[in-house]
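In case you want the letters, here they are:
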Amino acid sequence: RNGKEVSVLKARIKFRKYGIMRFIGHLDVMRYFQKAMRRADIPIAFTGGYSPHMIMSFAQPLGIGITSDGEYLDIELTESISSEAAVGRLNQVMAEGIDVVSFVQISEDKKESGMTIVAAADYEVTLLLSAKSMEETVPVPEEWKEKLAAFLEKTELKVLKKTKRSEKEVNIRPMIQEMELTEAGIRMFLSAGSEENLKPDLVMETFLKDMGLPAEKYPFHIHRRDIYAKTPQGGYLPLEDLGTLVP
């Protein structure tokens, strides 16, 4: 089998990641889904060549320790399968800590892949009683409200961003699209994707530093609510909304 298999449709799978699975890194999640595709008998397409592999790509890999209600992977299929059957079959083989939420057909266009179109992500940050457990949370101090308003009024929030090759100073303020205190914690709507990608832990560390507070005294947990693409009108849509259910 040297030629790439003919794919009849592209699908996008949305899943949740929680509990102990939050400590599983991205490469292991990839391997996990490869096994799950086989076990669930999903007719996934393979690449051509001497070592064919499943055609799958993840929209925006999640950091270790972060839980999420909105993770995505795109796959290509050699035959059609209904959304209901795909979700049912996959959830039967999932371990506790990963649930498949939806399965939708998406455009064949390469420019429409999850990896390419990600523009923003929505997070909820909760303050923890201690760094040992994410179960016991504490409310956000009342005085943070005014401090957050002052933080967001700044036009520049300069941060040293380290990459594997270098470190450079970046102004992260334009990448914080929204940030507000909620009853549960702090909600953030941040730029994400290949062009601009802002991590919520960096925002929290910058905010604590701005308030003159020691970061180690305020352990927090990050939960990703969803990942979004930009609409032509300039708004945002969750990635699953760009697909259609397969009957």
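Structure report, in brief. (Residues numbered from 1 in each chain as written. Predicted model: local features only at pLDDT ≥ 70, side-chain atom pairs only at ≥ 80, totals over all residues. Heavy atoms only, no water.)

When you go through the protein chain residue by residue, the secondary structure sums to five helices and 13 strands. Computed over its C-alpha atoms, the radius of gyration of the protein chain comes to 20 Å, within 12% of the 18 Å expected for a compact globule of 247 residues. Referenced to the eigenvectors of the C-alpha coordinate spread, the extents of the protein chain come out at roughly 60 × 35 × 35 Å. Taken across its 247 residues, the protein chain has 46% of its residues classed as buried. (Helix = DSSP H or I, 4+ residues; strand = E, 2+ residues; numbered from the N terminus. Rg over C-alpha atoms; globule rule 2.2 N^0.38 Å. Buried < 20%, exposed > 50% of the residue type's maximum accessible area, 1.4 Å probe, protein only.)

Those residues of helix α5 (residues 200–210) that sit buried are P200, L202, V203, M204, T206, F207 and L208. Where α5 is buried, its residues contact β5 (118–130), α4 (144–153), β7 (158–162), β9 (176–181), β10 (186–191) and β11 (220–230). G212 occupies a position one or two residues after α5 and carries a positive phi of about 75°. (Contact = heavy atoms within 4.5 Å.)

Across the eleven residues that make up strand β3 (residues 67–77), a large majority, ten, are buried. Relative to β3, strand β1 (residues 9–17) runs antiparallel, the two sharing eight bridges. Across the sheet, residue A11 finds its bridge partner in β3, namely I75. As defined by bridge partners, strand β2 (residues 56–58) adjoins β3 across three bridges and the pair is classed as antiparallel. (Pairing = 2+ DSSP bridges.)

It is worth spelling out the nonpolar core at this point. By size, the foremost hydrophobic cluster in this structure holds 37 residues, and its most contacted members are W144, I176, M179, I186 and M188. Sorting the residues of this core by element identifies β5, α4, β9, β10, α5 and β11 as the ones contributing at least two each. Those residues in contact with W144 that sit more than four places away from it in its chain are L127, L181, I186, M204, F207, L208, M211, L213 and Y218. Of all hydrophobic cores here, the second largest spans 29 residues; its members include F15, L73, F103 and V246. (Core = buried A, V, L, I, M, F, W, Y, C linked by side-chain atoms within 4.5 Å.)

Further remarks concern unusual backbone geometry. The phi dihedral of D41 falls on the positive side, at around 60°, and the residue is not glycine. One can find D41 in the loop between α1 (26–39) and β2. Judged by its relative accessible area of 57%, D41 is exposed.

Turning to the packing of aromatic side chains, a few remarks are in order. According to the stated counting rule, one finds nine aromatic pairs in the structure shown. Centre to centre, the rings of F33 and F58 are 6.1 Å apart; their planes meet at 70°, and the pair counts as edge-to-face. Taken as a pair, F33 in helix α1 and F58 in strand β2 lie far apart in primary sequence, 25 residues in all. In this structure, F33 and F58 share a single accessibility class: buried. Measuring from ring centre to ring centre gives 5.2 Å for F189 and Y236, while their planes differ by 75°; the resulting arrangement is edge-to-face. (Phe/Tyr/Trp six-rings, centres within 6.5 Å; stacked < 30°, edge-to-face > 60°.)

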